[in-house]
Amino acid sequence: MPVAYLNGQWTRPEDTKISVFDRGFMFGDGVYEVMPVYKGHIFTLAQHIARLQRSMAEVRIQCSMTAQEWQALLEEAVSRSNEQDALIYLQVTRGIASERSHVYPVVAPTILVTVTASQFDEDAFKPISVTCKADFRWSRGDIKVVSLIANGMLKNEAMDEGFDDAILIRNGMVTEGTSSNVFAVKDSVLWTPPKSEYLLHGITRDQVIQMARGSGLEVREENIQEAFLKQADEVWLTASGLELLPVGKVDGKTVGNGEAGLIWHRIKSVFQAEILKVIEKID
Ligand code: PMP
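These numbers were taken from a predicted model, which means no experiment stands behind them. (Residues numbered from 1 in each chain as written. Predicted model: local features only at pLDDT ≥ 70, side-chain atom pairs only at ≥ 80, totals over all residues. Heavy atoms only, no water.)

S.K.: Provide a residue-level description of the packing of aromatic side chains, including the pertinent values.
M.R.: This model, assessed by the stated rule, comprises 7 aromatic pairs. Look at Y38 and F43: their rings are 5.6 Å apart centre to centre, the planes differ by 80°, and that puts the pair in the edge-to-face class. An aromatic cluster of three or more residues is present, and its members are Y38, F43 and F271. Its guanidinium or amino end placed over the ring of F27, R23 lies 4.1 Å from that ring's centre, counting from NZ or CZ. (Phe/Tyr/Trp six-rings, centres within 6.5 Å; stacked < 30°, edge-to-face > 60°. Lys NZ or Arg CZ within 6 Å of the ring centre and 35° of its normal.)

So this is what it looks like as structure tokens:
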């Protein structure tokens, strides 16, 4: 059953209320994480906690929770929900301040956690069609902030034009998807843009790189030009809620034969094996 935690209270998500003065609501002044849960176990938990702490430090949200306390809270949330395959949403905002000011108030942060069931079926890995769009977002995409209006605009523009999603381009180079990182395969080499302030340092991205190298694939963390993307043999999007999603078309041009490619299948099976290993190690 979906469960929510708000500042010490456990409730149902639909019954959970925040103040209109919450800085997350008024200013988008907050950071967040989305974590996958497989068979009741949180995948890559330590990496998500570390990134949350980095995001909070970057925007100077002060929170006294230690990594161990985050872990305990998130594990309790999963166990209360009783969900096996789920997504955890964790949001920390600067807190509640009735004076509307750009100056950071000194207040306790708002901590929200929800756990909801995730659905990975066959359809979840059907190749999607994307378009390339100018990345007009701010230049701190490396901080996981709750203000996602630009990402939403880009995704919805792409959908209005008949695509499933957009891959974002800055100065002729791929940055990321609207809610994912981007990989391209060309001549059996796996490419992904290097970490920078323009894109989120995705945890699935790190996992995929590690798994690909571990399985003997050459991986280049180098800039991908838009023209290169359109010539690629395979294109994938990665995110905690997506795993590894194949792209079948970029701006109407079929990628490979339009189906998930050979290397996608290889890494996808390593990914599944890794999840099983994590589950078995803990159990
Ligand atoms: N980039 C953006 C803009 C995202 O929203 C996400 C998903 N949260 C990602 C990349 C992928 O990050 P992760 O693999 O850590 O979920």
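S.K.: Give a description of the domain arrangement of the protein chain that names residues and reports values.
M.R.: By a widespread convention, an interface's size corresponds to the accessible area lost as its parts come together. Under the domain assignment, the protein chain is made up of domain 1 (3-119) and domain 2 (123-278). The C-alpha-based centres of domain 1 and domain 2 are spaced at 26 Å. The interface of domain 1 with domain 2 comprises 22 residues on the first partner and 21 residues on the second. Regarding the contact of domain 1 and domain 2, the summed buried area is about 1,800 Å², with carbon and sulfur atoms giving 62% of it. Sorting the residues of domain 1 by area buried against domain 2 places Y32, F43 and R51 first, and these three jointly supply 35% of that buried surface. (Domains from an automatic or database assignment. Contact = heavy atoms within 4.5 Å. Buried area = accessible area lost by both parts, 1.4 Å probe.)

S.K.: Account for the site of the ligand, naming residues and giving values.
M.R.: Around the ligand, a shell composed of 16 residues is seen, among which K144, E176, I203, T204 and S240 lie nearest. K144 is positioned such that a nitrogen or oxygen atom in its side chain is 2.5 Å from a nitrogen atom of the ligand. Take T204: an N or O atom from its side chain is 2.6 Å from an oxygen atom of the ligand. Protein chains bury 93% of the 390 Å² of accessible surface belonging to the ligand in isolation. (Near = heavy atom within 4 Å. Polar contact = N/O pair within 3.5 Å; in protein donor to acceptor, adjacent residues only side chain to side chain. Areas by Shrake-Rupley, 256 points an atom, 1.4 Å probe, with all protein chains shown as cover.)

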